[in-house]
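Chain residues, written in single-letter form:
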Amino acid sequence: MSGAEAITTIQLIDACIGIANTIIDIGRAVHDAQGLPPKLRDLLEKLPAIEELLESAHESCEEGRVTEDASKSVQPILRQCAEALAELRDIFRKACPKDGENRTKRIWRGTKAVFFGRDSQVQKLLVTIQDDLRLLEQKEIYVIGDKVDALQQATEALVNNDDGKYTHTGAGNIIANEGGSPTNYVVGGSNNRQISNPGVYNEGPSST
């Protein structure tokens with residue numbers, strides 16, 4: 001690969017890595033926030049896979065294992081990936097401010113539609129990024145293996161927005177009545193609970 005092509009490709013990869021690092025840092029900062037939806041927490045745990053693959057691409061280019069033709073062909077892919085990552089970073093910055101207690105409220109209530117649902121911004125951007133990562137593999141930049149499988153599953157889980165509705169960590173059943181027949185959500189043990197309110201239900205461990 002020529003020096004100019006190598007520099008351009010590496011610069012694009014570095015830009016992607018820098019943005020991905022910011023997203024991951026924001027995710028780590030809010031990962032253990034009280035009330036964070038489990039699906040969102042799972043996604044935050046899987047995001048480092050993006051950085052790992054980009055680091056692998058960087059190493060391949062620096063070591064001269066990428067041909068000049070491959071380098072030229074991956075540059076548009078890297079630009080698209082950088083744009084999607086930048087949009088994702090901006091969403092996370094707005095949804096996950098550094099203001100302590102208000103942080104979780106903003107994530108779950110203020111930006112719920114942004115994170116969850118088939119047409120959510122986050123879901124669309126993550127699909128674009130994963131597609132770009134797979135295209136880079138096809139250009140023989142790295143071997144992707146199964147490094148995005150878990151991330152893909154976490155992304156697909158965002159389509160169904162059912163987190164946080166019934167959360168129960170104690171013994172017994174949760175029986176939810178939303179106007180029709182009662183529905184069991186958690187089964188086992190004693191101390192059953194019946195919920196006739198369709199709002200959010202959270203209960204910690206029971207004590208004797």
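Conventions we followed
- What you see as residue numbers is a count from 1 along each chain, following the sequence as written.
- Owing to the predicted nature of the model, reporting of local features is limited to residues with pLDDT of at least 70; listing and counting of side-chain atom pairs is limited to 80 or more, with chain, interface and lining totals taken over all residues.
- Hydrogens are left out, water is left out, and the side-chain values use all remaining heavy atoms of the structure.
- Counted as salt bridges are all cases of a side-chain nitrogen of Lys or Arg within 4 Å of a carboxyl oxygen of Asp or Glu.
- Comment: elements are numbered from the N terminus, with helices defined as DSSP H or I runs of at least four residues and strands as E runs of at least two.
- Burial classes follow relative accessibility: with a 1.4 Å probe on protein chains only, a residue under 20% of its type's maximum area counts as buried, one over 50% as exposed, and anything between as partly exposed.
- The quantity called pLDDT is the predictor's confidence in a given residue, expressed from 0 to 100.
- Pairs of residues are marked as contacts when any of their non-hydrogen atoms sit within 4.5 Å.
- Within 6.5 Å between ring centres, the rings of Phe, Tyr and Trp (the latter by its six-membered ring) count as paired, and their orientation is classed by plane angle as stacked under 30 degrees, edge-to-face over 60, tilted in between.
- We call two N or O atoms a polar contact when they sit within 3.5 Å, provided that within protein one can donate a hydrogen and the other can accept it, with sequence-adjacent residues counted only if both atoms are side-chain atoms.
- To get an axis, fit a line to the C-alpha atoms, keeping to the stretch in contact for a helix; angles then go from 0 to 180 degrees between the N-to-C directions.
- Orientation is classified from the angle alone, with under 35 degrees giving roughly parallel, over 145 giving roughly antiparallel, 65 to 115 giving roughly perpendicular, and any other angle giving oblique.
- Note on convention: near helix rotated counterclockwise from far helix by under a right angle means a left-handed crossing. Clockwise means right-handed.
- All residues other than Ala, Val, Leu, Ile, Met, Phe, Trp, Tyr, Cys, Pro, Asp, Glu, Lys and Arg, Gly among them, are scored as polar; the first ten of these are nonpolar and the last four charged.

Chemist: Kindly report on the pattern of salt bridges, identifying the contributing residues and their values.
Modeler: Applying the stated criterion across every chain, the model contains six salt bridges. Here D42 makes a salt bridge to K46, at a shortest N to O gap of 2.3 Å. On the criterion of helical spacing, the pair formed by D42 and K46 is a turn pair, its members being four residues apart in helix α2 (residues 38–46). Look at D42 and you get partly exposed, because its relative accessible area is 28%.

Chemist: Talk me through the confidence of the model for the protein chain; I want residue IDs and the actual numbers.
Modeler: Of all residues in the protein chain, 69% have pLDDT values of 70 or greater, and the mean over the chain is 78. Within the protein chain, helix α7 (residues 121–138) carries the highest mean pLDDT (95), whereas strand β1 (residues 166–168) carries the lowest (41). Segment residues 163–190 is flagged for pLDDT under 50; beyond a separation of four residues in sequence, or across chains, it makes 76 contacts in the model. Below a pLDDT of 50 lies the segment residues 192–208, which in the model reaches 39 contacts outside its immediate sequence neighbourhood of four places, other chains included.

Chemist: Tell me about the side chain of Q123, and name the residues and values.
Modeler: Along the chain, Q123 falls in helix α7. Given a relative accessible area of 10%, Q123 falls into the buried group. Contact partners of Q123, with chain neighbours within four places excluded, come to G117, R118, T155, L158 and V159.

Chemist: How would you summarise the packing of aromatic side chains if you had to cite specific residues and measurements?
Modeler: All chains considered together, the criterion is met by one aromatic pair. Both rings, one in F92 and one in F115, keep their centres 5.6 Å apart while their planes meet at 85°; by these two values the pair is edge-to-face. Here the residue F92 occupies a position in helix α4 (residues 68–95), and F115 occupies one in helix α6 (residues 112–115), the gap between them amounting to 23 residues. The buried category is assigned to F115, whose relative accessible area is 0%.

Chemist: Outline the side chain of H31, listing residues and values.
Modeler: Structurally, the position occupied by H31 is in the loop between α1 (3–30) and α2. Given the relative accessible area of 17%, H31 is considered buried. Within the local environment of H31, its side chain forms a polar contact with the side chain of E45, the two groups lying 2.9 Å apart. Beyond its immediate stretch of four places on either side in the chain, H31 contacts L36, R41, L44 and E45.

Chemist: If you had to explain the packing of α1 against helix α3 (residues 48–62) to someone new, which residues and values would you point to?
Modeler: Where α1 contacts α3, the axes come no closer than 9 Å and their chain directions differ by 160°. Overall, the two elements α1 and α3 adopt an arrangement that is roughly antiparallel. You can see that α1 and α3 cross each other, and the crossing is left-handed. Along its contact with α1, which presents T9, I10, I13, D14, C16, I17, A20, N21, I24 and R28, the element α3 presents P48, I50, E51, L54, E55, A57, H58, C61 and E62.

Chemist: Outline the packing of α1 against α4, listing residues and values.
Modeler: Packed helices, taken two at a time, are described by the angle their axes make and the gap between the axes. Between α1 and α4, the least distance of the axes is 9 Å, while the angle of their chain directions is 20°. On the basis of their axis angle, the class for α1 and α4 is roughly parallel. At the point where α1 passes α4, the crossing takes the left-handed sense. Here the contact of α1 with α4 is composed, by residue class, of 16 nonpolar, five polar and six charged.

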